[in-house]
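Remarks on the overall topology
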Amino acid sequence: MNPDILRERQNATFDIEKLTNILDGGAERTNRRREIREVLVLNDPDFDYGTPTSLPTMILKLREYGISDPVEINWYKSMYWGTGREALGLHYVMFLPTLYTQCDSEQFNKWVPLIIGTYAQTEMGHGTHLRGLETTATFDPATQEFVMHSPTVTSIKWWPGGRNPLFLPLIFLSIPLSASLFDLFLSGFALPTCSGIVIGDIGPKFGFDAVDNGYLKLEHVRIPRENMLMKYAQVKPDGSYVKPLSSKLTYGTMVFIRSLIVGNAGIVLSQCCTIAIRYSAVRHQSEIRAGEAEPQILDYQTQQHKLFPLLATAYAFLFAGQYMIDTYNRISGDINQGDLSEMPELHALSAGLKAFTTWTANTGIEVCRMSCGGHGYSRSSALPDIYVEFTPSCTYEGENTVMMLQTARFLMKSYRQVQAGQQLSGAVSYLNKVHHRVMAPQAVSSQLDLNLNTLVDLYEIRAAMLVELAAQSIQQESARGKCQEDSWNNSTIDLVRASDAHCHYMVLKMFRDKVDQIEDPGVHSVMSTLAHLYAIHGMGNFTGDFLQAGVLTGAQVPSVSKCLKGLLAEVRPSAVLLVDAFDHHDKMLNSVLGRHDGNVYEAMFEWARSSPLNRTEVHESFHKHLKPLQAKL
Ligand SMILES: CCCCCCCC/C=C\CCCCC/C=C/C(=O)SCCNC(=O)CCNC(=O)[C@H](O)C(C)(C)COP(=O)(O)OP(=O)(O)OC[C@H]1O[C@@H](n2cnc3c(N)ncnc32)[C@H](O)[C@@H]1OP(=O)(O)O
Ligand SMILES: Cc1cc2nc3c(=O)[nH]c(=O)nc-3n(C[C@H](O)[C@H](O)[C@H](O)COP(=O)(O)OP(=O)(O)OC[C@H]3O[C@@H](n4cnc5c(N)ncnc54)[C@H](O)[C@@H]3O)c2cc1C
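Conventions and cut-offs
- Residues numbered from 1 in each chain as written.
- Chains lettered and ligands numbered in written order.
- Predicted model: local features only at pLDDT ≥ 70, side-chain atom pairs only at ≥ 80, totals over all residues.
- Heavy atoms only, no water.
- Near = heavy atom within 4 Å.
- Polar contact = N/O pair within 3.5 Å; in protein donor to acceptor, adjacent residues only side chain to side chain.
- Areas by Shrake-Rupley, 256 points an atom, 1.4 Å probe, with all protein chains shown as cover.
- Helix = DSSP H or I, 4+ residues; strand = E, 2+ residues; numbered from the N terminus.
- Nonpolar A, V, L, I, M, F, W, Y, C, P; charged D, E, K, R; others polar.
- Disulfide = S-S within 2.5 Å.
- UniProt positions renumbered as here; feature names shortened; annotations may be inferred.
- Core = buried A, V, L, I, M, F, W, Y, C linked by side-chain atoms within 4.5 Å.
- Buried < 20%, exposed > 50% of the residue type's maximum accessible area, 1.4 Å probe, protein only.
- Contact = heavy atoms within 4.5 Å.
- Phe/Tyr/Trp six-rings, centres within 6.5 Å; stacked < 30°, edge-to-face > 60°.
- Lys NZ or Arg CZ within 6 Å of the ring centre and 35° of its normal.

Observations regarding the site of ligand 1
With respect to spatial proximity, 32 residues lie near ligand 1, and among them Thr128, Lys248, Tyr251, Arg409 and Lys413 are the closest. Lysine 248 places a polar side-chain atom, nitrogen or oxygen, 2.6 Å from an oxygen atom of ligand 1. Side-chain polar atom of histidine 347 to a nitrogen atom of ligand 1: 3.3 Å apart, as the coordinates give it. Considered on its own, ligand 1 offers 1,400 Å² of accessible surface; in the complex 84% of this is hidden by protein. Elements represented by at least two residues in the shell around ligand 1 include exactly helix H5 (70-81), helix H6 (89-102), helix H8 (252-282), helix H10 (343-370) and helix H13 (400-419). It is H8 that contributes the most residues to the shell around ligand 1, 7 residues altogether. Looking at the shell around ligand 1 residue by residue, the classes come out as 16 nonpolar, 9 polar and 7 charged.

Next up, the structure:
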C-alpha cells in the first residue's frame with residue numbers, strides 16, 4: 001500500500017464502518033450490499049463483465065437471485081457495470097416502474113414477468129412540454145383497437161433508450177382523446193412483421209454510448225385496446241373514457257426517477273471525491289517551504305477548497321437522497337390508496353431536488369477532474385467517463401430549469417396561501433413566518449454564530465426572502481399591466497433563484513437532521529464538521545443573498561472566509577477516511593487514481609501499456625502508411 005495513503009488511515013477519529021452503515025441505512029443494508037457485491041458478482045463464476053453476453057447474463061442473474069428492489073438492483077448493476085451506464089438502465093428505472101404503477105392487476109400479471117422494454121415519451125419536437133406531444137392514439141370501437149400515429153415529423157418518438165431493434169414493448173405517451181389528457185400504452189411490436197413502423201437510432205451522442213437511443217415513427221399502427229395501461233384511466237369497449245383521479249398520475253414514473261436521481265447525484269459525487277481525494281493524498285508536487293520535500297497536493301489550501309466542500313456536498317446529497325426516497329415511498333403509498341393530497345408537494349420537492357443536486361454534482365465532477373491535473377484527463381482516472389455519463393441528468397427526466405420553475409410554481413402558490421391567511425405545513429411551512437413578519441433577521445452579533453441550527457435558520461430566511469422577492473416581481477409586472485403569463489415569464493430568473501435557495505435550505509436541513517440522529521460521538525463530530533462546512537461554503541458563495549436578507553453584516557463577511565478556512569483544516573486529517581466510508585470497490589470505481597491502495601503510478605503504467613496502441617513495438621500504421629511514403633521521398 002502507498003505509504004502516504006497508509007499514513008492517512010492511521011489515527012482515525014471516528015468509526016468508518018459505522019459511517020458506512022449510516023450511508024447504507026443500517027448495518028444489515030451494508031452487509032446485503034457487500035453480499036451482492038462480493039458473492040453475487042465478484043465471486044460468481046459466471047461474472048463475465050465486458051463480454052457480449054454480459055447483459056443477458058446480468059438479467060438472468062437478477063432473476064435467479066430474485067433481486068427486484070430498485071436500490072439492490074442498482075447495487076448489483078453498479079458492481080457489474082462500474083460507473084458506466086448499460087443498455088437496460090431504462091428498463092429497470094422507467095419501463096418496469098411504469099408497469100408497476102400504471103397497470104391494472106390483469107395487465108401486471110400478463111406483462112411484468114415477461115418483457116423488456118423502453119419508455120417512448122419524448123418526441124423530436126417536444127421533450128419538456130408534455131401537453132404538446134403530437135402522437136395520437138385513436139380508438140376504433142369496431143375493432144377494439146387504438147390506431148397509433150405520428151402525424152408530423154416533430155411527432156416522431158425520439159430518444160427512447162434501450163430501443164430493442166427486434167421487439168419493441170414500449171411505454172408510449174400519446175394523446176388518445178383530447179389535447180389536455182394523454183395516457184400510457186404498452187405497444188408490443190414484433191419487427192419486421194409489423195408494418196407502419198419506421199425505427200432507427202438517433203445517431204452518435206455526447207456519451208451514454210451503452211444506451212442505444214432510438215427513434216420511432218408510427219403510421220396508423222393498430223394495438224389492442226387492452227394495451228392502454230388502465231390502472232388510473234380507462235377506455236371502455238364502447239369508447240367511453242374514464243378519467244383518472246388526476247391527469248398528473250400519468251406523470252408518476254418521472255416523479256419516481258427524479259426521486260432516485262437525487263441520491264444518485266450523491267453517489268456519483270462520492271465516487272469522484274473518492275478518486276480526487278485519494279489521488280491528492282498520494283500526489284506530491286511543487287513545494288510549500290523552499291528546500292523541503294514536495295508536499296502532498298492535499299496540503300494545499302486551494303486543493304482543500306476545491307475538494308472538501310464537494311465531499312460535504314456528497315454526504316449532504318446522499319442523505320437528501322434517503323429523505324427523498326422515503327418521502328416518495330410514503331406519499332406514493334398514499335396516492336395508491338387514493339389520497340392525492342401530498343402529490344403536489346412530492347412533485348415540487350422531487351423536481352427541485354433533482355435539478356439542484358444534478359446541477360451541483362455536474363459541476364463538482366469537473367472540479368474533481370481538474371483537481372487531478374493531467375492524469376484527471378486520462379480515461380484511466382474514470383473521471384471523464386463519469387462526467388460524460390452523468391451530465392445528461394441535467395437534461396433528462398425533466399430539464400433542470402423547467403424543474404426549478406415547477407418548484408417555483410408550488411412556492412408561489414404556497415406564498416399566496418400564506419398571504420390569504422392560510423397556515424402551511426410541510427417543507428414550505430417556513431413561509432408562514434413571512435406573513436407574520438417573524439422572519440425578521442435575528443439580532444446579528446458581530447461574530448458569526450456557528451451553531452448549525454442557527455445556520456439552518458439563516459438559510460430559511462434567505463429562501464423566504466427570495467420567494468417573497470419573486471412574488472413581488474410578479475406583482476410588479478402585473479401592476480405594469482402585464483398579463484399573468486408575461487408577469488410570470490418576466491420573473492423566471494427570480495423564480496429559479498427562489499427555488500434554488502429553497503432546495504439549498506432543504507438539503508442543509510436534511511443534513512442537520514441526519515447529524516442530530518447520529519449517536520456515535522466520533523461520527524457525530526466529523527459529520528457535524530462537514531455539515532458546517534456545507535453551510536459556510538454556501539454562505540460564501542451566496543454572500544449577497546444573506547446580506548440582502550439582513551442575516552449577515554458586511555463586518556461579518558470576512559469571518560465567513562476565516563471560518564471556512566478553519567473548517568477545511570479541520571476536515572484535512574479525516575479526508576481519506578471520509579471517502580473510505582463511501583466504500584466504493586476498486587472494481588466498481590475502475591479508476592487508477594482512486595485505488596484503495598494508492599499505488600497510482602505502477603497501475604497507471606500498466607494501464608497505459610495495456611492500450612491497444614501498445615500491442616506492438618511499432619504500430620502497424622507505420623508499415624502500412626508511413627514506410628511506403630518514406631520509400632517515395
Ligand atoms: C437508489 C437507486 C438508484 C438508481 C439509479 C438511477 C438513477 C437514474 C439514472 C439514470 C436514469 C435512466 C436514464 C434516464 C433516461 C431519460 C429518460 C427520460 O428523459 S423520459 C422523459 C422525461 N421527460 C420529462 O421529464 C418531461 C418534463 N415535462 C413535464 O414533466 C411536464 O411537461 C411539466 C413540465 C411538469 C409541465 O406539465 P404540465 O404542462 O402538464 O403542467 P403545468 O401546466 O406546468 O402544471 C399544471 C399543474 O400540474 C402540476 N404537475 C405537473 N407535473 C406534475 C407531477 N409530475 N406530479 C404532480 N403534479 C404535477 C403542476 O404543479 C401544476 O399544479 P398547480 O400549480 O396547477 O396546482
Ligand atoms: C441521454 C438522454 C437520454 C434520454 N432518454 C429518454 C428516454 O429514454 N425516453 C424519453 O422519452 N426521453 C428521453 N430523453 C429526452 C429527455 O427527456 C428530453 O431531452 C428532456 O425532457 C428535455 O426536453 P427537450 O429535449 O425538449 O428540451 P427543451 O425543453 O426543448 O429545452 C431546451 C431549452 O428550453 C428551455 N425551456 C423549455 N421549456 C421552458 C419553460 N417552460 N420555461 C423556461 N425554459 C424552458 C430549457 O430550459 C432548455 O434550456 C433523453 C435525453 C437524453 C439527453
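Read on for the rest.
A look at the state of the cysteines
On inspection of all chains with the given rule, the structure shows 0 disulfides. No disulfide involves cysteine 372; its nearest neighbouring cysteine sulfur is the one of cysteine 368, lying 7.1 Å away.

Quick notes on the UniProt feature "domain: Acyl-CoA oxidase C-terminal" (unreviewed entry) in the protein chain
What UniProt calls "domain: Acyl-CoA oxidase C-terminal" (unreviewed entry) maps, in this numbering, to residues 451-629. Measuring from the first to the last C-alpha atom of residues 451-629 gives 73 Å, for a span that is 74% helix and 0% strand.

With respect to the nonpolar core
Residues Ile277, Tyr315, Phe511, Met527 and Leu578 are the most contacted members of the largest nonpolar core, which totals 131 residues. With residues near it in sequence (within four places) discarded, phenylalanine 511 still touches Ala312, Tyr315, Ala316, Phe319, Met527, Leu530, Ala531 and Tyr534.

Here we look at the packing of aromatic side chains
For the structure on display, the rule yields 15 aromatic pairs. Through successive ring pairs, a cluster of aromatic residues spans Tyr315, Phe319, Phe511, Tyr534 and Phe582. The lysine or arginine in question, arginine 462, covers the ring of phenylalanine 542, its NZ or CZ lying 4.4 Å from the ring centre.

Here's the deal with unusual backbone geometry
We note that serine 286 has phi near 65°; this positive angle belongs to a residue other than glycine. Summarising the element assignment, serine 286 is placed in the loop between H8 and helix H9 (301-336). Phi is positive for asparagine 590, close to 55°, though the residue is something other than glycine. Relative to the helices and strands, asparagine 590 resides in the loop between helix H22 (586-589) and helix H23 (600-609).

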